[in-house]
Amino acid sequence: MAGMEKSYILNREFKDSLRLYQQHWMWKYRLGWNLHPLIKVPESSKEGESFKIADVGAGNGAYFPAREHLPKIVTMETLNALDDIPAELVGVFDVVHVRTFTAVIRNNNPGPIIANAIKMLKSGGHLQWDEMDMGSLVAKRPNEATSGKAMQYLLEGCLLSMKETMGLKFDWISRLDEIFREHGLDIVDTFRLDATNDLLKPMTDNFLTGMEMMSCYVDGEGNMVGTKRNWVEMWSKAGEEINRGVTISMDMLVIVGRKT
Ligand SMILES: C[S@@+](CC[C@H](N)C(=O)[O-])C[C@H]1O[C@@H](n2cnc3c(N)ncnc32)[C@H](O)[C@@H]1O
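Presented here is a report on the structure given in the accompanying data block. (Residues numbered from 1 in each chain as written. Predicted model: local features only at pLDDT ≥ 70, side-chain atom pairs only at ≥ 80, totals over all residues.)

This part takes up the packing of helix α3 (residues 149-166) against helix α7 (residues 231-243). Contact geometry of α3 with α7 gives a least axis separation of 8 Å together with a crossing angle of 135 degrees. In terms of orientation, α3 lies oblique with respect to α7. The crossing of α3 and α7 is left-handed. Within the contact between the two elements, α3 uses Ala150, Met151, Tyr153, Leu154 and Gly157 and α7 uses Met234, Trp235, Lys237, Ala238, Glu240, Glu241 and Ile242. Of the residues that constitute the contact of α3 with α7, the class distribution is eight nonpolar, one polar and three charged. (Axes fitted to C-alpha atoms, helices over the stretch in contact; angles between N-to-C directions. Helix = DSSP H or I, 4+ residues; strand = E, 2+ residues; numbered from the N terminus. Parallel < 35°, antiparallel > 145°, perpendicular 65-115°, else oblique. Left-handed = near helix turned anticlockwise from the far one by under 90°. Contact = placed C-beta atoms within 7 Å. Nonpolar A, V, L, I, M, F, W, Y, C, P; charged D, E, K, R; others polar.)

All right, on to the sheet that holds strand β2 (residues 93-99) then. With respect to topology, five strands assemble into an open sheet ordered β1-β2-β3-β5-β4, the strand pairing being mixed. Only two strands of the sheet have a single neighbouring strand rather than two, namely β1 (53-56) and β4 (186-193). Each neighbouring strand pair of the sheet contributes to a mean axis angle of 15 degrees, computed without reference to strand direction. Its contacts with the sheet put helix α6 (residues 197-213) on β3 (121-140) and β5 (247-258), and the angle it makes with β5 is roughly 90 degrees. (Pairing = 2+ DSSP bridges.)

On to the nonpolar core, then. Core analysis: the largest hydrophobic core is formed by 24 residues, its most contacted members being Met151, Leu154, Leu155, Ala238, Ile248 and Met250. At six residues, α3 tops the list of elements feeding residues into this core. Setting aside chain neighbours within four positions, we find Met151 in contact with Ala139, Ala238, Glu241, Ile242 and Val246. Counting 22 residues, the second largest nonpolar core, distinct from the first, contains Val96, Val98, Phe180 and Val254. (Core = buried A, V, L, I, M, F, W, Y, C linked by C-beta atoms within 7 Å. Buried ≥ 20, exposed ≤ 12 C-beta atoms within 10 Å, placed from the backbone.)

With that out of the way, let us pick up helix α1 (residues 14-31). Taking 1.5 Å per residue, 18 residues should reach 26 Å; α1 reaches 26 Å between its end C-alpha atoms and fits that length. Among all positions in α1, only Arg19, Leu20 and Gln23 are buried. An end-on view of α1 places all buried positions within 95 degrees of arc, on one side of the element. Projecting away from the buried face of α1 at angles above 90 degrees are the exposed residues Phe14, Trp25, Lys28 and Tyr29. (Expected span 1.5 Å × (residues − 1). Arc of directions from axis to C-beta.)

Function-wise, these values are silent; they only describe arrangement.
Quick look at the structure:
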């Protein structure tokens, strides 16, 4: 289910598809699965009683092949995850999956999305949420001798601009399991993974592709909106460090809750 929120900060074009494909690969590579192994999918189901998974905010429309090329059991609909859930989607899913929604959450509060996901679940169904923890975002140096200051400055500038322009906040991410509990979900599993060395470079390219789009949020003086930081200067200095092996690093979180 792809989202249609107009105020979403990133684009939904072919370059975004590339970013999303890579992001999907990174998650699969790090976790080894898409659906948490504790969520059991029955091997067979009776006619009309199939196991139903809703992937909310699945990606931009261009990320998917034509309907004709999708397996028959896959359907795609537009849904604003923040709006009221249509009656036909209430209580019908065994799993609701949400992934990398940092730029979608407003007012530091994922509550409305969680409440909607719970509405969509059958009793005993699972909400699986995978998130990159922006609160753990840092520049990582390959060794002590290499500076990562310009990269750190760029990252802080990007976060600051996202906070200022879009009102985004990131504190909720590390509290997500607690927020699941507050919504009455039983926690089935919750864990945090660091970025392994082999993921650092793809993670960096992926993150910066998203951030590059934010270069359109530059004010008349060439500064990233909401900051006094010059975009071109920050970008080129960070680029020099990247060429010397500096990357970003960010933790990946998975929380699975069960509707009682
Ligand atoms: C960072 S992408 C993640 C895509 C996918 N979940 C993944 O992990 O590959 C965030 C997605 O949320 C969608 N989105 C933005 N606002 C939304 C909303 N209000 N309701 C539903 N989806 C939304 C965007 O279109 C985008 O596809």
